[in-house]
Amino acid sequence: MTTGSELLTLSPVIPVVVVDDPGDAAPLAEALLAGGIKVIELTLRTPAALEAIANVHKSVPDIVLGAGTVTSPAQAAQAAEAGASFLVTPGTTDAVLDACQVTGLPFLPGASTVSEMMRLAERGLTALKFFPAEAAGGADFLKSVSGPLPELRFCPTGGINLANAPQYLGLPNVKCVGGSWLTPKDALAAKDFGRIEALAKEASALTA
Ligand code: 3PG
């Protein structure tokens, strides 16, 4: 089973995906794989999300499939049931953390302050999502955190794109970034999976 820290090393970018049509999920996961991206985070933000996760679980077994935007204990259980193999949360509450731990799946808990990061480290959680990255202090914030909290590793997400990703990927405590730019809403609406593959190719060439 992949661990939280292994999740950070699968691809330089974890695509954060919002799907409205559950039928889009498998072809878009195939497009990401064809572009060299080995991981996908399907967010629980639309009514289609759980069905989308189940579709990818069934049809695209080669991609490492995560559920993102887990904000309640029930969602953690539902995502695991649908076939997610990891979970991502934008922030944390004790109830959500407990529920993620009960699934037995690796997960990336979200944090945006030093105190939140320290609380997660106390629980033994050292692979974290830094969200919302750009709004919460960006690469400078993470650089500052590496001094007092050198054991922590981050997947910064929120406001990251191909142009600013290298600022983060150059930091010693960043192993990958997350972002929605690989799966633009208009590309999905047009079912333009070729464009998604091309965006994935560019993203997979980034280096940490
Ligand atoms: C997330 O949930 O991680 C973010 O909404 C993704 O942020 P982005 O759309 O700015 O990439």
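The following paragraphs examine the structure supplied in this document. Please read all numbers here as calculations on a predicted model, not as lab measurements.

1. Things to note about the site of the ligand
Okay, step 1: In the vicinity of the ligand, the residues found are V16, R45, K129, F131, T157, G158, G159, G179 and S180.
Okay, step 2: One nitrogen or oxygen atom from the side chain of R45 is found 2.3 Å from an oxygen atom belonging to the ligand.
Okay, step 3: Contact distances for the ligand include 2.6 Å between an oxygen atom and a side-chain N or O atom of S180.
Okay, step 4: Look at the ligand: alone it shows 310 Å² of surface, and the protein chains cover 79% of it.

2. Points about the sheet that holds strand β5 (residues 107-108)
Okay, step 1: Spatially, the 6 strands line up as an open sheet ordered β5-β4-β3-β2-β1-β9, and their pairing is parallel. This sheet does not close on itself; its edge strands, each paired only once, are β5 and β9 (177-179).
Okay, step 2: By the bridge criterion, 2 bridges tie strand β3 (residues 64-68) to strand β4 (residues 86-88) in an arrangement that is parallel. Note on β4: the bridge partner recorded for A67 is L87.

3. Some points on the pairing of strand β8 (residues 153-156)
Okay, step 1: In terms of strand pairing, strand β7 (residues 127-130) meets β8 through 4 bridges, oriented parallel. Considered in β8, the bridge of F130 is made with P156.
Okay, step 2: At this point the chain moves from β7, through helix α7 (residues 138-145), to the parallel β8, and the crossover so formed is right-handed.

4. Observations concerning the state of the cysteines
Okay, step 1: The full count for this structure, using the stated rule, is 0 disulfides.
Okay, step 2: A disulfide-free cysteine, C176 has its sulfur positioned 3.7 Å from the sulfur of C155, the nearest such atom.

5. A closer look at the packing of aromatic side chains
By convention here, two paired aromatic rings are described through the distance between centres and the angle between planes.
Okay, step 1: According to the stated counting rule, one finds 2 aromatic pairs in the structure shown.
Okay, step 2: Between F130 and F141 the ring centres are 5.0 Å apart and the planes differ by 10°, which places this aromatic pair in the stacked class. Within this pair, whereas F130 is found in strand β7, its partner F141 is found in helix α7, the two being separated by 11 residues in sequence.
Okay, step 3: Overall, F130 belongs to the buried group, its relative accessible area being 0%.
Okay, step 4: Summarising the aromatic geometry, the rings of F130 and F154 are spaced 6.5 Å apart at their centres and angled 70° between planes, so their arrangement reads as edge-to-face. A residue pair is termed long-range when its members are at least 10 positions apart, and F130 in strand β7 and F154 in strand β8 qualify at 24 residues. F154 matches F130 in its accessibility class, with the two residues each being buried.
Okay, step 5: Grouping aromatic residues by their ring pairs yields a cluster made of F130, F141 and F154.

Rules behind the numbers
- Residues numbered from 1 in each chain as written.
- Predicted model: local features only at pLDDT ≥ 70, side-chain atom pairs only at ≥ 80, totals over all residues.
- Heavy atoms only, no water.
- Near = heavy atom within 4 Å.
- Polar contact = N/O pair within 3.5 Å; in protein donor to acceptor, adjacent residues only side chain to side chain.
- Areas by Shrake-Rupley, 256 points an atom, 1.4 Å probe, with all protein chains shown as cover.
- Pairing = 2+ DSSP bridges.
- Helix = DSSP H or I, 4+ residues; strand = E, 2+ residues; numbered from the N terminus.
- Right-handed = clockwise from strand over helix to strand, strands pointing away.
- Disulfide = S-S within 2.5 Å.
- Phe/Tyr/Trp six-rings, centres within 6.5 Å; stacked < 30°, edge-to-face > 60°.
- Buried < 20%, exposed > 50% of the residue type's maximum accessible area, 1.4 Å probe, protein only.

Treat this as a map of the structure, not an account of what it does.
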